[in-house]
Amino acid sequence: MHGSRIAAVGHYQPAKVLTNEDLAGMVDTSDEWIRSRVGIRTRHIAGPGEPVDELAAHAAAKALAAAGLAPGDIDLVLVATSTAVDRSPNMAARVAARLGIPQPAAMDINVVCAGFTHALATADHTVRAGAATRALVIGADKMSAVTDWTDRTTCVLVGDGAGAAVVEACPPGADTGIGPVLWGSVPGMGHAVRIEGTPPRFAQEGQSVYRWATTQLPPIARQVCERAGTAPEDLAAVVLHQANLRIIEPLAEKLGAVNAVVARDVSESGNTSAASIPLALSKLVERGEISSGDRVLLFGFGGNLSYAGQVVLCP
């Protein structure tokens, strides 16, 4: 198989918006404190009756519609999430049931904030191998459900949402639409980002994550471009995991993608974990900030101190 491509994308966010001013009434914080440290202004929060699979299904339905496909055209569903409540049925099976996808292979992938780029690579490999024809790749997380809303160091960061992509084989003669993945982790530092306990709660060692992301990840991101045969200055967009604007901006600058649009969706969506990359990518497409065929770097990083990235062609 020559390769695969992203045929279409879609995203979804809950209607409720939580502002920095709202948070200032809940914990000892302020709009200035939050903006100066993480660059976030607002975030979307799902209600008790909005489970992760519902968020995921809304985003996936939009991606299917944009691709002009029916649920029966999909034979693989991958959901990247770290906030699933139940062990079985898994999130992918629940999404497939919501959408009416008849007989897909259905798998969840938990690599926390790097989950979507891991799932995208898995779909690419599966389609290339001929084990699937078309895949739905979804990143969805309800971080509000695993957040301690009395802890100002973490509650100011998080948001809920989902993003999805339809992956299919490239037409004969077309350029490969999903470049080689570069992925890895630092297991010995896995404690730096955690969702642990009963009930599970999100916690992180902020300074350790910041130093790792801003010093160790730029050369890895450049290697992703090298594997794709793309110079950073030829990128039309850079979509990094939307963790913190103070991480995104220096990482993008050190990459040297001087002509690229840098996704800054974190400012209005917060950290949505596995949802953040497809959510930000879908918004760039929807707003017309990037065009079909543009080269885009997707690069996820975070929990487990894992990372994964690839250069893709914009659908």
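Reading guide: rules and limits
- Residues numbered from 1 in each chain as written.
- Predicted model: local features only at pLDDT ≥ 70, side-chain atom pairs only at ≥ 80, totals over all residues.
- Heavy atoms only, no water.
- Pairing = 2+ DSSP bridges.
- Helix = DSSP H or I, 4+ residues; strand = E, 2+ residues; numbered from the N terminus.
- Axes fitted to C-alpha atoms, helices over the stretch in contact; angles between N-to-C directions.
- Buried < 20%, exposed > 50% of the residue type's maximum accessible area, 1.4 Å probe, protein only.
- Right-handed = clockwise from strand over helix to strand, strands pointing away.
- Contact = heavy atoms within 4.5 Å.
- Arc of directions from axis to C-beta.
- Phe/Tyr/Trp six-rings, centres within 6.5 Å; stacked < 30°, edge-to-face > 60°.
- Parallel < 35°, antiparallel > 145°, perpendicular 65-115°, else oblique.
- Left-handed = near helix turned anticlockwise from the far one by under 90°.
- Nonpolar A, V, L, I, M, F, W, Y, C, P; charged D, E, K, R; others polar.
- Core = buried A, V, L, I, M, F, W, Y, C linked by side-chain atoms within 4.5 Å.
- Salt bridge = Lys/Arg side-chain N within 4 Å of Asp/Glu carboxyl O.

Quick notes on the sheet that holds strand β1 (residues 4-12)
Then comes step 1: The five strands lie next to each other as β1-β7-β6-β4-β5, forming an open sheet whose pairing is mixed. With partners counted over all chains shown, the strands left at the sheet margins are β1 and β5 (105-109), one partner each. Between one strand and the next, the sheet's axes are offset by a mean angle of 15 degrees, whatever the strand orientation.
Then comes step 2: Inspection of the sheet shows β1 paired to strand β7 (residues 160-169) by eight bridges, in the antiparallel sense. Each residue of the ladder has a partner; that of Ala8, found in β7, is Val166.

Considerations on the pairing of strand β11 (residues 237-240)
Then comes step 1: The alternating pattern of β11 places Ala237 and Val239 on one face and Val238 and Leu240 on the opposite face, and all of these are buried.
Then comes step 2: Bridge count for β11 against strand β12 (residues 261-262) is two bridges, and the pairing is parallel. Note that in β12 the partner of Val238 across the bridge is Val262.
Then comes step 3: Running through helix α9 (residues 245-255), the crossover from β11 to the neighbouring parallel element β12 is right-handed.
Then comes step 4: Bridge count between β11 and strand β13 (residues 295-302): four bridges; the pairing is parallel.

Some remarks on the side chain of His241
Then comes step 1: One can find His241 in the loop between β11 and α9.
Then comes step 2: His241 has contacts with Cys113, Ile248, Asn271, Ser273, Ser276, Ile277, Phe299, Gly300 and Phe301, leaving out every residue within four places of it along the chain.

What to know about helix α4 (residues 91-99)
Then comes step 1: Within α4 the residues assigned to the buried category are Met91, Ala92, Val95, Ala96 and Leu99. Around the axis of α4, the buried residues are gathered within 135 degrees of arc, so they sit on the same side.
Then comes step 2: Buried residues in α4 make contact with α3 (52-67), β4 (76-80), β5 and β6 (134-142).
Then comes step 3: In the stretch just after α4, Gly100 is the one whose phi turns positive, near 80 degrees.

Quick look at the sheet that holds β13
Then comes step 1: An order of β8-β14-β13-β11-β12 is seen for the five strands of this open sheet, with the pairing classed as mixed. The two strands at the open ends of the sheet, each matched to only one other strand, are β8 (182-185) and β12.
Then comes step 2: Where helix α5 (residues 115-128) meets the sheet, its contacts fall on β8, β13 and β14 (306-313), and the angle it forms with β14 comes to roughly 55 degrees.
Then comes step 3: On the sheet, helix α11 (residues 276-286) packs against β11, β12 and β13 and is oriented at approximately 150 degrees with respect to β11.

What to know about the packing of aromatic side chains
Then comes step 1: Inspection of the entire model under this criterion finds two aromatic pairs.
Then comes step 2: Measuring from ring centre to ring centre gives 6.5 Å for Trp212 and Phe301, while their planes differ by 70 degrees; the resulting arrangement is edge-to-face. With a gap of 89 residues between them, Trp212 in helix α7 (residues 206-215) and Phe301 in strand β13 connect regions that are remote in the sequence.
Then comes step 3: Members of the aromatic cluster, connected to one another through ring pairs, are Trp212, Phe299 and Phe301.

Re the packing of α7 against α9
Then comes step 1: Their axes nearest at 9 Å, the elements α7 and α9 cross at an angle of 20 degrees. Compared by their axis directions, α7 and α9 come out roughly parallel. Taken as a pair, α7 and α9 cross one another with a handedness that is right-handed. Between α7 and α9, the residues in contact are Tyr210, Ala213 and Thr214 and Arg246, Ile247, Pro250, Leu251 and Lys254, respectively.
Then comes step 2: When its residues are assigned to classes, the contact of α7 with α9 shows five nonpolar, one polar and two charged.

Notes on the nonpolar core
Then comes step 1: Ranked by internal contacts, the top residues of the largest apolar core, which has 46 residues, are Leu217, Leu235, Leu297, Phe299 and Phe301.
Then comes step 2: If you list the elements that add at least two residues to this core, you get α2 (31-38), α7, α8 (217-228), β11, α9, β13 and β14.
Then comes step 3: Setting aside chain neighbours within four positions, we find Leu235 in contact with Cys225, Thr230, Leu255, Ala257, Asn259, Ala260, Arg295, Val296, Leu297 and Val311.
Then comes step 4: Of all hydrophobic cores here, the second largest spans 32 residues; its members include Val111, Phe116, Ala165 and Leu284.

Describing α7
Then comes step 1: Along α7, the residues classified as buried are Ser208, Val209, Trp212, Ala213 and Thr214.
Then comes step 2: Taken together, the buried residues of α7 touch β9 (193-196), β10 (201-204), α8, α9, β13 and β14.

Comments concerning the environment of Trp183
Then comes step 1: Note on placement: Trp183 falls in strand β8.
Then comes step 2: For Trp183, a relative accessible area of 38% translates into the label partly exposed.
Then comes step 3: Not counting chain neighbours up to four residues away, the residues in contact with Trp183 comprise His118, Ala121, Thr122, His125, Tyr307 and Ala308.

Here we look at the pattern of salt bridges
Then comes step 1: A complete count under the given rule lists 13 salt bridges for this structure.
Then comes step 2: One salt bridge connects Arg94 with Asp86, and the closest N-O pair in it is separated by 3.0 Å.
Then comes step 3: Using a relative accessible area of 26% as the deciding quantity, one classes Arg94 as partly exposed.
Then comes step 4: Here Arg134 makes a salt bridge to Glu168, at a shortest N to O gap of 3.1 Å. Highlighted residues: Arg134 in strand β6 and Glu168 in strand β7, separated in sequence by 34 residues.
Then comes step 5: Since its relative accessible area comes to 11%, Glu168 is described here as buried.
Then comes step 6: One network of salt bridges, in which partners are shared, links Arg5, Arg134 and Glu168.

The quantities given are spatial measurements derived from coordinates; they are silent on function.
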